[in-house]
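# Inside the fold
So you can see what is in the structure, the chains are spelled out below.
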Amino acid sequence: MNAAISMRSRKGLTGTVAADAGELKLRAYVIAGPALNASDLSFSVEKPGSFLVDFDVPQKVNVRFQFMNTARILEKQLYMTYTHMTGENRTILDGTLLLDPTNKISANYALDSRNLKLRCSYVHRGMATFEPCYDFGKNSWELAVSKTVFDGDVIRASYDMSRKVLDLGWLWKPSFNRDGKCKVSASFRLGEGLYMPTLTAESSWDFEM
């Protein structure tokens, strides 16, 4: 079983509990604000590499269906995902082509808006990852850079040109919990001038039941 707790500067506490049931993965997610209600709950059932079903419990239940499949094209592995969200009536197609074990190209297409995103992931010398992305709907670029430092820690920075949002994050394995992970991140809305960024702190643990 896996558990995680997140602290957000504007949204309070969030908690996730996940468990394995044979080939299935079960997950429950809750937001703990000043008052807990049904809209703060969600559940999911997943069979990795095959399907995933999410149940959000707002005033009107929203269900997300996701189906995965794989194929080979010119000796390259292609991963495909079909996602449909009933509450928003949206359908999204995702595809990822592995060029080699570390580098890949992916595409995301929304059927309702006909918006297409293309992303490339390039790993340089096994230490730094560059991920440029072009959004045809917004006619803008997104760029993410991550680097492995110290003993497996990862620092990451990303910038969304259309929203003018800069995100910074640091992921590490703490000495007191070698099987879990800790993450601290900050989000800056550069288009709104100087202000306190949105801060997030997360920690996760693995334990047997």
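Summarised in this report is the structure supplied together with it. (Residues numbered from 1 in each chain as written. Predicted model: local features only at pLDDT ≥ 70, side-chain atom pairs only at ≥ 80, totals over all residues. Heavy atoms only, no water.)

## Description of the overall build of the chain
A tally of regular secondary structure across the chain gives zero helices and 16 strands. Counting every atom, the chain has about 13900 Å² of accessible surface; 61% of that belongs to carbon and sulfur. (Helix = DSSP H or I, 4+ residues; strand = E, 2+ residues; numbered from the N terminus. Areas by Shrake-Rupley, 256 points an atom, 1.4 Å probe, with all protein chains shown as cover.)

## Observations concerning the packing of aromatic side chains
What the rule picks out here adds up to three aromatic pairs. Taken together, a centroid distance of 4.9 Å and an interplanar angle of 90° make the contact between Tyr134 and Phe136 edge-to-face. An aromatic cluster of at least three residues, connected via ring pairs, comprises Tyr134, Phe136 and Trp141. (Phe/Tyr/Trp six-rings, centres within 6.5 Å; stacked < 30°, edge-to-face > 60°.)

## Overview of the environment of Tyr79
Tracing the backbone shows Tyr79 in strand β7 (residues 76-85). A relative accessible area of 39% places Tyr79 in the partly exposed class. For the pair Tyr79 and Leu98, spaced 19 residues apart in the sequence, the C-alpha separation amounts to 8.3 Å. When residues no more than four places from it in sequence are discounted, the contact partners of Tyr79 are Asn69, Thr70, Asp94, Gly95, Thr96 and Leu98. (Buried < 20%, exposed > 50% of the residue type's maximum accessible area, 1.4 Å probe, protein only. Contact = heavy atoms within 4.5 Å.)

## Quick notes on the side chain of Ser158
Looking at the element boundaries, Ser158 is found in strand β13 (residues 153-160). When neighbours within four sequence positions are excluded, Ser158 is seen to be in contact with Leu143, Ala144, Val165, Leu166 and Asp167.

## Here we look at the pattern of salt bridges
By the definition in use, this model includes ten salt bridges. For Lys47, the salt bridge identified is with Glu23, shortest N-O distance 3.2 Å. With Lys47 in strand β4 (residues 41-47) and Glu23 in the loop between β2 (12-21) and β3 (24-32), the pair connects residues that are 24 residues apart, well separated along the chain. Taking relative accessible area as the criterion, Lys47 reaches 30% and is therefore assigned partly exposed. Overall, Glu23 belongs to the exposed group, its relative accessible area being 58%. Arg64 is the partner of Asp54 in a salt bridge, and the nearest nitrogen-oxygen pair spans 2.3 Å. A residue pair is termed long-range when its members are at least 10 positions apart, and Asp54 in strand β5 (residues 51-56) and Arg64 in strand β6 (residues 62-73) qualify at ten residues. What makes Asp54 buried here is its relative accessible area of 9%. Salt bridges linked by common partners bring Lys117, Arg119, Asp135 and Glu142 together as one network. (Salt bridge = Lys/Arg side-chain N within 4 Å of Asp/Glu carboxyl O.)

## Overview of the pairing of strand β11 (residues 128-135)
With six of its eight residues buried, β11 lies for the most part within the structure. Here strand β10 (residues 115-124) runs beside β11; their pairing, made up of six bridges, is antiparallel. Bridging from a neighbouring strand, Val123 pairs with Thr129 of β11. Examined bridge by bridge, β11 and strand β12 (residues 140-149) share eight bridges and lie antiparallel to one another. Directly across from Cys133, in β12, lies its bridge partner Glu142. Following β11, the chain reverses through four residues before pairing antiparallel with β12; Asn139 in that reversal takes a positive phi of roughly 55°. (Pairing = 2+ DSSP bridges.)

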